[in-house]
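The chain contents come next:
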Amino acid sequence: MIYFDHAASTTLLPDVLETLRESYYKDFANPSSSHHLGRIQKDGIEKTRQEFLSFIKANEGKLIFLSSATEANNLAINSMKLKPGMKVLVLPSDHLSLREPLVNRNVDLIYFPLNQGKEGIEDWLDNQCPHVDAVVISMIHGLTGQLLPIDKIVKAVRKKSKLSLVLVDASQGFGKLKVDISQWGADFVSVSAHKSGGPKGIACLYAKHDLVPMLLGGGQEYQFRSSTPVWPLINAWSKALPYWEFQRDKFHEKSKELKTIIEEETKPEIFIPIEGVDYLFPLIVPQIQGDILARYLDSDHIYVSTSNACSSTHSKTISPYRDLGIDPHYEHNVLRISFGATSNSLEAKTFARVISFHYENLKKIIGKR
Amino acid sequence: MSIVETKNVSFTKANTLIVNVDELWLKSGNRNGYHKMLKAHIKELFRKLDLKSSSFCEQGQRVWIEFEKPLSHFFLESLKKIPGIHSFWPAIKVIPCLDKAIEVLLEQLKQCHPSGTFKVETQRINKLFPINSFEFSSKVGHHVLVEFPKLKVDVHNPDLVIWCKITKQAIYLSVEKLMGIGGLPVGSSGKALTLLSGGFDSPVASYLMARRGLAQHFIFFHAYPFVGMDVVEKIKSVASVLGTFQQHSKLYIVPFGKVQEDISKHCWDEYRTILFRLYMLKTCELLSHQKGFQALVTGDSLSQVSSQTLSNLSVLDKISEYSILRPLIGLNKRDILNLSQQIGIYSLSSVGHDDACALLAPKKPEVAAKWSYIAEFFAQNQFETQMRQSLKEAKVFGISLLGHLYEDNSSFADF
């Protein structure tokens, strides 16, 4: 099996899994209970909260644990108190949990010009950035791996409108890249655990301001998110922090190596580079629909993503790739490759060979004839 | 005739069913066998719905069934789908006494809030009953008018018909006659394999053949990996509706992309579509040998698409070992869509999905296939191993007559 869909979800880091086992076994009590068993969990949660705050270099503000980045994004957007007609800067085809909560609020969406290239983006930041009331944006675009210049965007926006609120979803970058909130100046930052070796069902939201709770009840997490905190999940996730602190550089070296292997060992027409991180990038397969090729790979136990790209089923809906700097000619021909902590060069080599084989084969059958 | 649900005036306490069997008079020689099949089908429905009949009796063209509990709406709707049933009355049984009949009738009518016009229709099967049917009807009608002064009599085109049937043992009262789909009991015409495609046509073809008493299993050729899994879900939902016209049906989902790939690589581009169809039929034959199907059913309609031209259909007929039944051959698309709507399958068929044929289709498909090329290609490329392999890898689902699909992978060891 070759799993190159780590951006969708990845394997648990060994320490995380070990802690999960242990903590679920022994930390069964309720962290809100006042007895000893509850208190040790509560202390653990507070200690971990501080670890996370310092991991993302936050000097002020609060961090709460919740169930998913989707929940975090909803809560943050809910707390922005957006009014109809307000302007919000977003990315084209960003994650749905950043787009859907905006839909009912009747705000005007302003799209960041992802497809304008480096110079276009710089020009936009320097000269064209409009007044916006809020920014709701991913740190890394989940389909293309483009790394957003968050600090520059926030600076440009704040130059026009001092009070605009900024939410950044850092799920795809957390751990693998240094997240420095003090540099960003963001008001809200959401992070999901399971994209970087943590368990599913746990995420966190950093907030500079008070949140407007969506769940009412016992008032846990500073009254912002009622629910019994899940210490075993928080506990296990915290073990991912030292891993990334020490392995980050190695991971990037590895990713670069694997990406290069794929670049060199596939047909030049398959590999069309897009500026972004090395561990998450699109592959373009001219003439062949991405989902068909993905299913061929699937039958060889090679797993990649065509996720919310463009299944041929919905070919009538507009492909996101048009807005992401990929030639519209290729909008149905994209696969997303993403590496994780366990990906290795043998996998990359095999992958390159197999995809080239299927590509050639399929061209004969369904390519331009 | 529409089998889509209807809302009628109905008796809440109806616990007897009078079923009129369709077309049975045509078949006096086989009557017993036909009755048996229809009875088995109805009993299977009882079993699935956990209904108990206290008596089940056949009388000429009618079947009288009495139940311990009132009949449910769902049961009546399911009954409409059993081929061979012309119509049926859900009725209340009372002792053979006029006064009692009137008392029960009025009590039941009160719950239905009848309005508009009505008439009473009496059938005196027991000629010894003291008053004749005309008198019986007028007495009942009189009491109804007294109790519901707003109702008016209209013997020609009434809103409500009160049916009274007088037998030796009882009087049966009913206010609704429900129409079934008619035709012949399923299984009475044999057993066939129906090719489903994901479009509108083949489900309608299956329905029409079910009405003619043909028991069917269904086969779908899944062009994975050229298409995804969405289409399988669609086919399953379509088959689950078609299964409600059958008793014990099955759905075979056969992975066919590999075979299509092999065909595409070896044949002239223009012949892809017709050759795909040819090898689908051949695969059906292999399955039929094992399962004993006597014919194949397709949704072909003459000249609807290029693979359905007369010459292309003839080529397939020539090479097929089995009769290919094409009940839609002379229907227009609009007729087919109307039927699809009537059997409640239109909305399922209109769900979009990947289409492998479109994907692999040649730019200019052959409309007049040359027999010589087809015969030569087939002789050189039997693909039997691939076809057997695809059957071996097929997913099989059983379909209950309530439309529930369940996995059934017991039957494919020997391909």
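Heads up: the structure comes first, above all this text.
Note that the structure is a prediction, hence the values are computed from the model and not measured.

As for the sheet that holds strand S5 (residues 134-138) of chain A
Whether parallel or antiparallel, the strands of a sheet pair through hydrogen bonds between backbone atoms. Residue and element names in this part refer to chain A. The mixed open sheet is built from 7 strands, whose spatial order is S2-S8-S7-S6-S5-S3-S4. The sheet is open, and its two borders are formed by strand S2 (62-66) and strand S4 (108-111), each paired with just one other strand. For this sheet, the mean angle separating the axes of adjacent strands, direction not counted, is 20°. Running at roughly 115° to S2, helix H2 (residues 36-55) makes contact with S2 and strand S8 (203-207) of the sheet.

Section: the interface of chain A and chain B
Across the contact, 14 residues belong to chain A and 19 residues belong to chain B. Taken over both partners, the interface formed by chain A and chain B buries close to 1,300 Å², and the fraction arising from carbon and sulfur atoms is 49%. The interface formed by chain A and chain B holds 0 salt bridges in total. Between chain A and chain B we count 7 residue pairs in polar contact (both at pLDDT 80 or more) in total. For the side of chain A that touches chain B, the secondary-structure elements that each account for two or more residues are helix H10 (290-299) and helix H11 (345-366) of chain A. Taken together, the residues of the side of chain A that touches chain B sort by class into 5 nonpolar, 4 polar and 5 charged.

Let's talk about the packing of aromatic side chains
One pair of aromatic rings is described through two measures. These are the centre distance and the angle between the planes. Counted according to the given criterion, the structure contains 33 aromatic pairs over all chains. An angle of 45° between the planes, with centres 5.5 Å apart, marks the rings of Phe251 of chain A and Tyr279 of chain A as tilted. One end of the pair, Phe251 of chain A, is in helix H9 (residues 240-265); the other, Tyr279 of chain A, is in the loop between H9 and strand S9 (280-284), and 28 residues separate them in sequence. Taken individually, Phe251 of chain A and Tyr279 of chain A each receive the classification buried, so the pair is uniform in this respect. Members of the aromatic cluster, joined through ring pairs, are Trp268, Tyr271, Tyr279, Tyr373, Phe377, Phe378 and Phe383 of chain B. Against the face of Tyr222 of chain A rests Lys62 of chain A, its NZ or CZ located 5.3 Å from the ring centre. Over the ring of Phe56 of chain B we find Lys43 of chain B, and its NZ or CZ is 4.7 Å from the ring centre.

Here is what the cut-offs are and how they apply
- Residues numbered from 1 in each chain as written.
- Chains lettered and ligands numbered in written order.
- Predicted model: local features only at pLDDT ≥ 70, side-chain atom pairs only at ≥ 80, totals over all residues.
- Heavy atoms only, no water.
- Pairing = 2+ DSSP bridges.
- Helix = DSSP H or I, 4+ residues; strand = E, 2+ residues; numbered from the N terminus.
- Axes fitted to C-alpha atoms, helices over the stretch in contact; angles between N-to-C directions.
- Contact = heavy atoms within 4.5 Å.
- Buried area = accessible area lost by both parts, 1.4 Å probe.
- Salt bridge = Lys/Arg side-chain N within 4 Å of Asp/Glu carboxyl O.
- Polar contact = N/O pair within 3.5 Å; in protein donor to acceptor, adjacent residues only side chain to side chain.
- Nonpolar A, V, L, I, M, F, W, Y, C, P; charged D, E, K, R; others polar.
- Phe/Tyr/Trp six-rings, centres within 6.5 Å; stacked < 30°, edge-to-face > 60°.
- Buried < 20%, exposed > 50% of the residue type's maximum accessible area, 1.4 Å probe, protein only.
- Lys NZ or Arg CZ within 6 Å of the ring centre and 35° of its normal.

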